[in-house]
Amino acid sequence: MQVMTEHTERDGDYEHHGGFPVYAADPDNGGPHFGRLVEALRTVQDLAVSTAPPPEVIAQAAEQAEALAALLAPYTAPEGHYPAGRSVGLPGRGSLLMLPWTVEKFDRTGVRSTGVFRRYHMGGNGAAHGGVLPLLFDDLFGMITHAAGRPISRTGYLHVNYRKITPLETPLVVEGRVDRVDGRKTFVSARLTEPDGTLLADAEALMIVLLPGQP
Ligand SMILES: CCCCCCCC(=O)SCCNC(=O)CCNC(=O)[C@H](O)C(C)(C)COP(=O)(O)OP(=O)(O)OC[C@H]1O[C@@H](n2cnc3c(N)ncnc32)[C@H](O)[C@@H]1OP(=O)(O)O
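Residues numbered from 1 in each chain as written. Predicted model: local features only at pLDDT ≥ 70, side-chain atom pairs only at ≥ 80, totals over all residues. Heavy atoms only, no water.

Another aspect to go through is the environment of Ile208. Position of Ile208 among the secondary structure elements: in strand β6 (residues 199-209). Residue class for Ile208 comes out partly exposed when judged on its relative accessible area of 27%. The spatial distance from the C-alpha of Ile208 to the C-alpha of Arg184 is 5.5 Å, given a sequence separation of 24 residues. Discounting chain neighbours no more than four positions away, the residues touching Ile208 are Ile152, Ser153, Arg154, Gly156 and Arg184. (Helix = DSSP H or I, 4+ residues; strand = E, 2+ residues; numbered from the N terminus. Buried < 20%, exposed > 50% of the residue type's maximum accessible area, 1.4 Å probe, protein only. Contact = heavy atoms within 4.5 Å.)

Before going further, it helps to examine the packing of aromatic side chains. Two aromatic rings, taken as a pair, are described by how far apart their centres are and by the angle between their planes. Applying the stated criterion to the full structure yields two aromatic pairs. Note on Phe137 and Phe141: the rings are 6.2 Å apart at their centroids and 20° apart in plane angle, and the pair reads as stacked. Taken as a pair, Phe137 and Phe141 lie in helix α3 (residues 132-147) at a separation of four residues, close to a single helical turn. With a relative accessible area of 0%, Phe137 lands in the buried category. Across the ring face of Phe187, the terminal group of Arg180 is positioned such that the distance to the ring centre comes to 4.1 Å. (Phe/Tyr/Trp six-rings, centres within 6.5 Å; stacked < 30°, edge-to-face > 60°. Lys NZ or Arg CZ within 6 Å of the ring centre and 35° of its normal.)

Backbone hydrogen bonds hold the strands of a sheet together, and the pairing may be parallel or antiparallel. As summarised here, the arrangement of the six strands in space is β1-β2-β4-β5-β6-β3, forming an open sheet in which the pairing is antiparallel. Unpaired on one side and paired on the other, β1 (102-107) and β3 (153-162) mark the two borders of the sheet. Pairwise comparison of adjacent strand axes, ignoring direction, gives a mean angle of 15° for this sheet. Pairing of strand β4 (residues 172-182) with strand β5 (residues 185-193), which is carried by nine bridges, proceeds in the antiparallel orientation. The residue bridging Val178 from the neighbouring strand is Val188, located in β5. (Pairing = 2+ DSSP bridges. Axes fitted to C-alpha atoms, helices over the stretch in contact; angles between N-to-C directions.)

The subject of this paragraph is the environment of Leu210. Looking at the element boundaries, Leu210 is found in the segment after β6. For the pair formed by Leu210 and Asp138, sequence separation is 72 residues and the distance between their alpha carbons is 16 Å.

Right, let's get into the pattern of salt bridges. Evaluated as defined, the whole model comprises eight salt bridges. As a salt-bridge pair, Arg118 and Asp46 come within 2.8 Å of each other at their nearest N and O atoms. With Arg118 in the loop between β2 (110-115) and α3 and Asp46 in helix α1 (residues 34-48), this residue pair connects regions lying 72 residues apart in the sequence. Between Asp202 and Arg163 there is a salt bridge whose closest N-O contact spans 2.7 Å. (Salt bridge = Lys/Arg side-chain N within 4 Å of Asp/Glu carboxyl O.)

Looking now at the UniProt feature "domain: Thioesterase" (unreviewed entry) in the chain. Mapped onto this numbering, the UniProt entry gives "domain: Thioesterase" (unreviewed entry) at residues 125-200. Across residues 125-200, helical content stands at 21% and strand content at 42%; the span's end C-alpha atoms are separated by 16 Å. (UniProt positions renumbered as here; feature names shortened; annotations may be inferred.)

Moving on to the site of the ligand. The ligand sits among 15 residues. The nearest are Asp138, Thr155, Arg184, Lys185 and Gln214. The protein chains hide 49% of the 1,200 Å² of surface that the ligand would expose on its own. (Near = heavy atom within 4 Å. Areas by Shrake-Rupley, 256 points an atom, 1.4 Å probe, with all protein chains shown as cover.)

Turning our attention to a nonpolar patch on the surface. Taken together, Leu68, Leu71 and Leu72 make up a surface patch of nonpolar side chains, about 260 Å² in accessible area. In this structure, Leu72 sits in helix α2 (residues 55-72). (Patch = residues over 30% accessible without salt bridge, like charges linked within 9 Å, V, L, I, M, F, W, Y side chains within 5 Å.)

Moving on to the nonpolar core. Grouped together as the largest cluster of nonpolar side chains are 28 residues, with contacts concentrated most on Trp101, Val111, Phe117, Leu133, Phe137, Phe141 and Leu192. The element contributing the most residues to this core is α3, with nine residues. Apart from residues no more than four positions distant in its own chain, Phe117 is found in contact with Leu99, Trp101, Ala128, Val132, Leu133, Leu136, Thr166, Pro167, Leu168, Glu169, Leu172 and Leu192. (Core = buried A, V, L, I, M, F, W, Y, C linked by side-chain atoms within 4.5 Å.)

This prediction gives the chain a mean pLDDT of 92; 91% of its residues lie at or above 70. In the model output, the complex is listed with pTM 0.93 alongside ipTM 0.96. (pLDDT = per-residue confidence, 0-100.)

The following block contains the structure:
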(Lines give C-alpha, C1' and ligand atoms only; values in the text may rest on other atoms or scores of the structure.)
Protein backbone atom coordinates (compact mmCIF):
# COMPACT_ATOMS: atom_id res chain seq x y z
CA MET A 1 0.00 0.00 0.00
CA GLN A 2 1.57 3.25 -1.12
CA VAL A 3 -0.53 6.11 0.18
CA MET A 4 1.84 8.84 -0.87
CA THR A 5 2.89 7.61 -4.26
CA GLU A 6 -0.64 7.02 -5.54
CA HIS A 7 -0.63 9.86 -8.04
CA THR A 8 -2.17 8.11 -11.03
CA GLU A 9 -5.11 9.76 -12.78
CA ARG A 10 -4.86 12.99 -10.78
CA ASP A 11 -5.32 16.33 -12.44
CA GLY A 12 -2.05 17.76 -13.75
CA ASP A 13 -2.10 20.59 -11.22
CA TYR A 14 -2.28 18.21 -8.26
CA GLU A 15 1.16 18.93 -6.83
CA HIS A 16 0.53 22.68 -6.88
CA HIS A 17 -2.62 22.73 -4.81
CA GLY A 18 -2.23 24.36 -1.45
CA GLY A 19 0.97 25.42 0.20
CA PHE A 20 1.78 21.84 1.15
CA PRO A 21 5.35 20.63 0.75
CA VAL A 22 5.64 17.62 -1.55
CA TYR A 23 5.85 14.42 0.46
CA ALA A 24 7.23 11.15 -0.85
CA ALA A 25 6.88 7.78 0.83
CA ASP A 26 10.09 6.55 2.42
CA PRO A 27 10.94 3.45 0.32
CA ASP A 28 12.90 1.89 3.22
CA ASN A 29 10.37 2.72 5.95
CA GLY A 30 13.11 4.51 7.83
CA GLY A 31 15.66 1.71 7.46
CA PRO A 32 16.09 -1.60 9.27
CA HIS A 33 15.69 -0.30 12.84
CA PHE A 34 13.15 2.54 12.56
CA GLY A 35 10.04 0.39 13.00
CA ARG A 36 11.62 -1.18 16.07
CA LEU A 37 12.37 2.28 17.53
CA VAL A 38 8.80 3.47 16.97
CA GLU A 39 7.35 0.34 18.55
CA ALA A 40 9.67 0.68 21.57
CA LEU A 41 8.64 4.33 21.97
CA ARG A 42 4.97 3.34 21.77
CA THR A 43 5.57 0.80 24.53
CA VAL A 44 7.26 3.51 26.60
CA GLN A 45 4.18 5.70 26.04
CA ASP A 46 1.95 2.85 27.25
CA LEU A 47 4.12 2.38 30.35
CA ALA A 48 4.52 6.11 31.04
CA VAL A 49 0.76 6.42 31.57
CA SER A 50 0.26 3.16 33.47
CA THR A 51 3.16 2.56 35.87
CA ALA A 52 3.91 3.82 39.37
CA PRO A 53 7.63 3.16 39.91
CA PRO A 54 9.51 4.26 43.04
CA PRO A 55 11.39 7.61 42.87
CA GLU A 56 14.78 6.02 42.20
CA VAL A 57 13.38 4.19 39.16
CA ILE A 58 11.70 7.37 37.93
CA ALA A 59 15.04 9.18 38.26
CA GLN A 60 16.77 6.42 36.26
CA ALA A 61 14.03 6.51 33.61
CA ALA A 62 14.29 10.31 33.38
CA GLU A 63 18.04 10.08 32.85
CA GLN A 64 17.61 7.48 30.11
CA ALA A 65 14.85 9.52 28.42
CA GLU A 66 17.03 12.64 28.56
CA ALA A 67 19.95 10.66 27.08
CA LEU A 68 17.72 9.40 24.25
CA ALA A 69 16.52 12.94 23.49
CA ALA A 70 20.14 14.17 23.43
CA LEU A 71 21.07 11.32 21.06
CA LEU A 72 18.33 12.22 18.56
CA ALA A 73 18.33 16.04 18.84
CA PRO A 74 21.26 16.68 16.43
CA TYR A 75 19.32 14.97 13.62
CA THR A 76 16.27 17.25 13.53
CA ALA A 77 15.21 17.56 9.86
CA PRO A 78 12.75 19.75 7.88
CA GLU A 79 9.13 18.63 7.44
CA GLY A 80 8.87 15.78 4.96
CA HIS A 81 12.51 14.75 5.34
CA TYR A 82 12.23 12.28 8.20
CA PRO A 83 10.72 8.78 8.13
CA ALA A 84 7.95 9.50 10.67
CA GLY A 85 4.70 9.95 8.76
CA ARG A 86 6.23 8.76 5.47
CA SER A 87 6.87 5.11 6.32
CA VAL A 88 3.70 3.70 4.78
CA GLY A 89 4.80 0.13 5.50
CA LEU A 90 4.68 0.75 9.27
CA PRO A 91 1.63 1.07 11.52
CA GLY A 92 0.52 4.70 11.63
CA ARG A 93 3.08 5.43 8.86
CA GLY A 94 5.74 5.35 11.58
CA SER A 95 4.40 8.49 13.26
CA LEU A 96 3.96 8.41 17.03
CA LEU A 97 1.14 10.94 16.66
CA MET A 98 -0.92 8.58 14.50
CA LEU A 99 -2.78 5.56 15.78
CA PRO A 100 -0.66 2.44 15.12
CA TRP A 101 -3.14 1.07 12.61
CA THR A 102 -2.59 -0.69 9.28
CA VAL A 103 -4.25 0.35 6.03
CA GLU A 104 -5.80 -2.68 4.32
CA LYS A 105 -7.67 -1.01 1.49
CA PHE A 106 -6.80 2.23 -0.28
CA ASP A 107 -8.51 3.07 -3.56
CA ARG A 108 -11.01 5.43 -5.11
CA THR A 109 -13.91 3.56 -3.51
CA GLY A 110 -12.61 4.18 0.00
CA VAL A 111 -10.10 3.31 2.69
CA ARG A 112 -10.18 0.63 5.37
CA SER A 113 -7.78 0.40 8.29
CA THR A 114 -7.48 -2.05 11.20
CA GLY A 115 -5.78 -1.90 14.55
CA VAL A 116 -6.16 -1.55 18.30
CA PHE A 117 -6.30 1.29 20.75
CA ARG A 118 -3.50 0.73 23.24
CA ARG A 119 -3.11 1.56 26.94
CA TYR A 120 -1.71 4.96 25.97
CA HIS A 121 -5.07 5.80 24.33
CA MET A 122 -7.16 5.14 27.44
CA GLY A 123 -9.59 7.75 28.68
CA GLY A 124 -11.71 6.68 31.63
CA ASN A 125 -12.84 3.33 32.99
CA GLY A 126 -10.86 1.21 30.55
CA ALA A 127 -12.28 2.76 27.36
CA ALA A 128 -10.53 4.71 24.60
CA HIS A 129 -10.28 8.47 25.19
CA GLY A 130 -12.90 10.38 23.22
CA GLY A 131 -10.21 12.56 21.69
CA VAL A 132 -8.42 9.75 19.88
CA LEU A 133 -11.43 8.86 17.74
CA PRO A 134 -11.44 12.20 15.88
CA LEU A 135 -7.70 11.70 15.33
CA LEU A 136 -8.40 8.30 13.78
CA PHE A 137 -11.23 9.64 11.62
CA ASP A 138 -9.40 12.80 10.56
CA ASP A 139 -6.39 10.88 9.34
CA LEU A 140 -8.65 8.38 7.58
CA PHE A 141 -10.55 11.21 5.88
CA GLY A 142 -7.26 12.69 4.65
CA MET A 143 -6.37 9.30 3.15
CA ILE A 144 -9.84 8.86 1.63
CA THR A 145 -9.65 12.25 -0.03
CA HIS A 146 -6.16 11.46 -1.32
CA ALA A 147 -7.14 7.98 -2.54
CA ALA A 148 -10.14 9.41 -4.38
CA GLY A 149 -7.78 11.60 -6.39
CA ARG A 150 -9.01 14.87 -4.89
CA PRO A 151 -6.49 17.72 -4.66
CA ILE A 152 -4.86 18.47 -1.31
CA SER A 153 -7.65 19.33 1.13
CA ARG A 154 -8.07 20.28 4.74
CA THR A 155 -10.82 19.35 7.16
CA GLY A 156 -13.52 22.03 7.41
CA TYR A 157 -15.56 20.18 10.00
CA LEU A 158 -15.54 16.74 11.57
CA HIS A 159 -18.55 15.32 13.40
CA VAL A 160 -18.24 12.16 15.52
CA ASN A 161 -21.15 10.17 16.95
CA TYR A 162 -19.98 8.00 19.87
CA ARG A 163 -22.38 5.05 19.74
CA LYS A 164 -20.75 2.60 22.16
CA ILE A 165 -17.73 2.48 24.49
CA THR A 166 -14.60 1.82 22.41
CA PRO A 167 -12.52 -0.97 23.99
CA LEU A 168 -8.72 -1.10 24.28
CA GLU A 169 -6.51 -3.92 22.99
CA THR A 170 -9.34 -5.18 20.80
CA PRO A 171 -8.96 -5.52 17.01
CA LEU A 172 -11.19 -2.92 15.35
CA VAL A 173 -11.99 -1.81 11.82
CA VAL A 174 -12.52 1.70 10.48
CA GLU A 175 -13.78 2.20 6.93
CA GLY A 176 -15.00 5.19 4.99
CA ARG A 177 -15.54 6.76 1.60
CA VAL A 178 -16.40 9.87 -0.36
CA ASP A 179 -20.14 10.42 -0.28
CA ARG A 180 -20.42 13.51 -2.44
CA VAL A 181 -18.34 16.12 -4.23
CA ASP A 182 -19.48 19.71 -4.71
CA GLY A 183 -16.82 21.95 -6.25
CA ARG A 184 -14.03 22.35 -3.68
CA LYS A 185 -16.06 20.40 -1.11
CA THR A 186 -15.66 16.66 -0.54
CA PHE A 187 -18.16 15.13 1.87
CA VAL A 188 -16.84 11.97 3.52
CA SER A 189 -18.08 9.50 6.13
CA ALA A 190 -16.76 6.49 8.02
CA ARG A 191 -17.67 3.87 10.61
CA LEU A 192 -15.62 2.34 13.43
CA THR A 193 -16.72 -1.20 14.18
CA GLU A 194 -15.74 -4.38 15.96
CA PRO A 195 -14.90 -7.27 13.61
CA ASP A 196 -18.44 -8.65 14.01
CA GLY A 197 -19.81 -5.37 12.68
CA THR A 198 -20.88 -3.87 16.02
CA LEU A 199 -20.90 -0.09 15.52
CA LEU A 200 -18.76 1.88 18.00
CA ALA A 201 -18.72 5.29 16.32
CA ASP A 202 -19.44 6.94 13.01
CA ALA A 203 -18.25 10.24 11.62
CA GLU A 204 -18.78 12.62 8.75
CA ALA A 205 -16.59 15.45 7.59
CA LEU A 206 -16.17 18.15 4.99
CA MET A 207 -12.79 18.25 3.28
CA ILE A 208 -12.13 21.50 1.41
CA VAL A 209 -9.70 21.67 -1.49
CA LEU A 210 -6.99 24.23 -0.75
CA LEU A 211 -6.59 27.13 -3.13
CA PRO A 212 -3.12 27.70 -4.59
CA GLY A 213 -0.85 28.96 -1.82
CA GLN A 214 -3.26 28.25 1.04
CA PRO A 215 -1.32 26.78 3.97
C1 LIG B 1 -2.94 14.14 1.62
C2 LIG B 1 -2.97 15.19 2.68
C3 LIG B 1 -4.28 15.17 3.46
C4 LIG B 1 -4.22 16.17 4.57
C5 LIG B 1 -5.49 16.00 5.42
C6 LIG B 1 -5.37 16.93 6.59
C7 LIG B 1 -6.58 16.78 7.47
C8 LIG B 1 -6.49 17.81 8.54
O9 LIG B 1 -6.55 17.51 9.68
S10 LIG B 1 -6.27 19.44 8.14
C11 LIG B 1 -6.16 20.25 9.74
C12 LIG B 1 -7.49 20.68 10.28
N13 LIG B 1 -8.10 21.64 9.41
C14 LIG B 1 -7.69 22.92 9.35
O15 LIG B 1 -6.78 23.37 10.04
C16 LIG B 1 -8.44 23.80 8.38
C17 LIG B 1 -8.48 25.27 8.87
N18 LIG B 1 -9.33 26.03 7.99
C19 LIG B 1 -8.85 26.56 6.84
O20 LIG B 1 -7.66 26.51 6.56
C21 LIG B 1 -9.83 27.20 5.91
O22 LIG B 1 -11.07 27.36 6.59
C23 LIG B 1 -10.07 26.34 4.63
C24 LIG B 1 -8.82 26.43 3.76
C25 LIG B 1 -10.39 24.88 4.95
C26 LIG B 1 -11.26 26.90 3.85
O27 LIG B 1 -11.10 28.30 3.77
P28 LIG B 1 -11.52 29.09 2.43
O29 LIG B 1 -10.64 28.72 1.31
O30 LIG B 1 -11.62 30.52 2.81
O31 LIG B 1 -12.92 28.45 2.10
P32 LIG B 1 -14.38 29.05 2.30
O33 LIG B 1 -14.64 29.92 1.11
O34 LIG B 1 -14.58 29.60 3.67
O35 LIG B 1 -15.24 27.71 2.22
C36 LIG B 1 -15.32 26.94 1.01
C37 LIG B 1 -16.69 26.28 1.02
O38 LIG B 1 -16.73 25.39 2.17
C39 LIG B 1 -17.81 25.78 3.05
N40 LIG B 1 -17.37 25.63 4.43
C41 LIG B 1 -16.19 26.00 4.96
N42 LIG B 1 -16.11 25.66 6.27
C43 LIG B 1 -17.29 25.04 6.55
C44 LIG B 1 -17.81 24.46 7.72
N45 LIG B 1 -17.12 24.41 8.87
N46 LIG B 1 -19.05 23.92 7.66
C47 LIG B 1 -19.76 23.94 6.51
N48 LIG B 1 -19.29 24.46 5.34
C49 LIG B 1 -18.08 25.02 5.39
C50 LIG B 1 -18.09 27.24 2.70
O51 LIG B 1 -19.42 27.58 3.03
C52 LIG B 1 -17.85 27.25 1.20
O53 LIG B 1 -18.95 26.65 0.57
P54 LIG B 1 -19.44 27.22 -0.89
O55 LIG B 1 -18.30 27.04 -1.82
O56 LIG B 1 -20.63 26.35 -1.22
O57 LIG B 1 -19.78 28.66 -0.66
